[in-house]
Every structure is written in C-alpha cells, then in structure tokens.
Amino acid sequence: MNETSEENSAIEASISEYKGIRHFYKKLVEEVKYVLNERLKPSDVRVADISGRAKTPDSLKKKIESKKYKTPLNDITDLAGVRVVCYYESDLAIANEIIRSAFQVHEHIDKNDDLGVDKMGYHGTHFVIPLGSPYSGARYDGSINLSCEIQVRTVLQ
C-alpha cells in the first residue's frame, strides 16, 4: 500500500467514524444555540441571528485533505459550529462576556487581531467550548465533552 492510499484509507476511516457520531454534534449545536438564546435574551445585546450546524461529512473530508490532519476528529474544533450575529459592534463585548460566563472556554481567537487596522478579511471572535460538567444528565449524554466553535460577529463583518 502506498502513502496516498494509506492517507485515503485513514481519511475514509475518519469520515466513517464521524458519520457514526455526527448526531451528537447536531445535538451539541442545538444545546449551545439554546443556551446562547436564553443567556442573550435578558441582555441588552441586539442579536440578528443565532445559527449553527454540524459539519457535513463532505466538508469534513475536504478539510482533512486540505489541512493534512493526522487525527482529524481530535484536531478539528469546528465539527460543531454556532454563529452569533449582532447588529452593532458595541454588542460584541457583551456577547463575548456572556459566552465566557455560560461556558468553559478552551480557546479564544480574535480574528480582528490577525488582520490589523489596514487589512480586509474575515472579522469576528471565535471561542472553542465544550458543554462541560455544568451540563449533566440524559439530555447531554454523548455531547458533553465534544467541542463546539462559537463565532461572534456583526452583520457587517
């Protein structure tokens, strides 16, 4: 077996494994959206949309192939993704603080810092979170320790 067929075999094994657990990521997305909706409602944050998705197997395959992940299901942080879109930039700091208080943040990336003031490109803040121990019980079985990426941005970003 040559290196390319070994890589293809490993990719297909990862895709097959993901298909078997994707429903947990879908459940995670719905739970994160629910928590965010509940936490953002009483705040002064004006939210245009909260949406989410579990990555499709085809999208996962493309990402694995392009980035050459060795252990994709452990390394890829956006198998579950939720996007919070605020109307105003002034709402971002409040939304970010609500996320920090609702979840244990494993990773925080401010894409605005990467660009600087003189460059165009993707703006927004990303958080990588698990539901973690505050969320327990049958409702959370299978999804409690999985990672979800939350993106926070404005309509214009």
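Counting restarts for each chain: residues are numbered from 1 in the order of the written sequence. At least 70 in pLDDT is required for a residue's local features to be given in this predicted model, at least 80 for side-chain atom pairs to be given and counted, and no such filter applies to totals for whole chains, interfaces and linings, which use all residues. In computing side-chain properties, one takes all heavy atoms of the structure into account and sets aside hydrogens as well as water.

Visitor: Would you mind showing me how to read the overall build of the chain here?
Guide: By definition, any uninterrupted DSSP run of H or I lasting at least four residues is a helix, any uninterrupted run of E lasting at least two residues is a strand, and each is numbered from the N terminus. On a plain count of helices and strands, the chain comes out with five helices and five strands. Seen in sequence order, the chain has helices and strands lined up from the N terminus as α-β-α-α-β-α-β-α-β-β. Think of it in three bands: with a 1.4 Å probe and only protein chains considered, a residue is buried below 20% of the maximum accessible area for its type, exposed above 50%, and partly exposed in between. Taking all 157 residues of the chain together, the buried fraction comes to 39%. Any pair of residues with heavy atoms lying within 4.5 Å of one another is described as a contacting pair. Considering only intrachain contacts with a sequence separation of at least 6, the fraction spanning at least 24 residues in the chain is 72%. Methods summary: accessible areas were calculated by the Shrake-Rupley approach with a probe of 1.4 Å, and residue burial reflects only the protein chains presented. Here the chain displays about 9,100 Å² of accessible surface, and carbon together with sulfur accounts for 48% of that area.

Visitor: I tried to follow the side chain of D91 on my own but got confused; where do I start?
Guide: The topology assignment puts D91 in the loop between β2 (80-86) and α4 (92-102). With a relative accessible area of 2%, D91 lands in the buried category. In the analysis that follows, any N or O atom pair within 3.5 Å is treated as a polar contact, provided that within protein one partner can donate a hydrogen and the other can accept it, and provided that, for residues neighboring in sequence, both atoms belong to side chains. At 3.2 Å, the side chain of D91 forms a polar contact with the side chain of R46. What D91 contacts, discounting residues up to four positions off in sequence, is D44, V45, R46 and C86.

Visitor: Before we go on, may I ask you to explain the pairing of β2 in this structure?
Guide: Looking down a regular strand, the side chains alternate between one sheet face and the other. With six of seven residues buried, β2 is to be regarded as a mostly interior element. Two strands pair when backbone bridges link them, and strand β1 (residues 47-54) and β2 are joined in this way by seven bridges, in the antiparallel orientation. Each bridged residue has a counterpart across the sheet, and for S51 the counterpart in β2 is R83. In this description, strands pair whenever DSSP reports at least two bridges between them.

Visitor: What should I look at first to understand a nonpolar patch on the surface in this one?
Guide: Only residues above 30% relative accessible area that lack a salt bridge enter a patch, with like-charged residues linked at up to 9 Å and the nonpolar side chains Val, Leu, Ile, Met, Phe, Trp and Tyr linked at up to 5 Å. The term salt bridge refers to a pairing of a side-chain nitrogen on Lys or Arg with a carboxyl oxygen on Asp or Glu at a separation within 4 Å. Together, Y87, Y88 and V155 make up a nonpolar patch on the protein surface, roughly 320 Å² of accessible area in all. Its location among the elements puts Y87 in the loop between β2 and α4. Residue classification places Y87 among the partly exposed positions, given a relative accessible area of 46%.

Visitor: Looking at this structure, how should I read the nonpolar core?
Guide: Side chains of nonpolar character tend, in soluble globular proteins, to be buried together. We call a set of buried Ala, Val, Leu, Ile, Met, Phe, Trp, Tyr and Cys residues a nonpolar core when their side-chain atoms join them within 4.5 Å. The biggest cluster of nonpolar side chains holds 37 residues, and the ones touching the most others in it are V32, L36, F103 and I150. Listing elements by their share of this core, those giving two or more residues are α1 (3-40), β1, α2 (57-67), β2, α4, β4 (125-130) and β5 (147-154). Apart from the residues within four sequence positions on either side, F103 is in contact with V32, V35, L36, I129, P130, L131, Y135 and I150.

Visitor: How do you make sense of the sheet that holds β5 when you look at a structure like this?
Guide: Strands pair in a sheet through their backbones, by hydrogen bonds, and they do so in one of two ways: parallel or antiparallel. Read across the open sheet, the five strands follow the order β1-β2-β5-β4-β3; overall the sheet is mixed. The two strands at the open ends of the sheet, each matched to only one other strand, are β1 and β3 (107-110). Averaged over all pairs of adjacent strands, the angle between strand axes in this sheet comes to 15°, irrespective of strand direction. The pairing of β3 with β4 spans four bridges and is classified as antiparallel. Pairing of D110 across the sheet is with T125, part of β4. Note on geometry: axes are lines fitted to C-alpha atoms, helical ones only across the stretch in contact, with angles between N-to-C directions running from 0 to 180 degrees. In the packing of α4 onto the sheet, contacts are made with β2, β3, β4 and β5, and the angle to β5 comes to roughly 165°.

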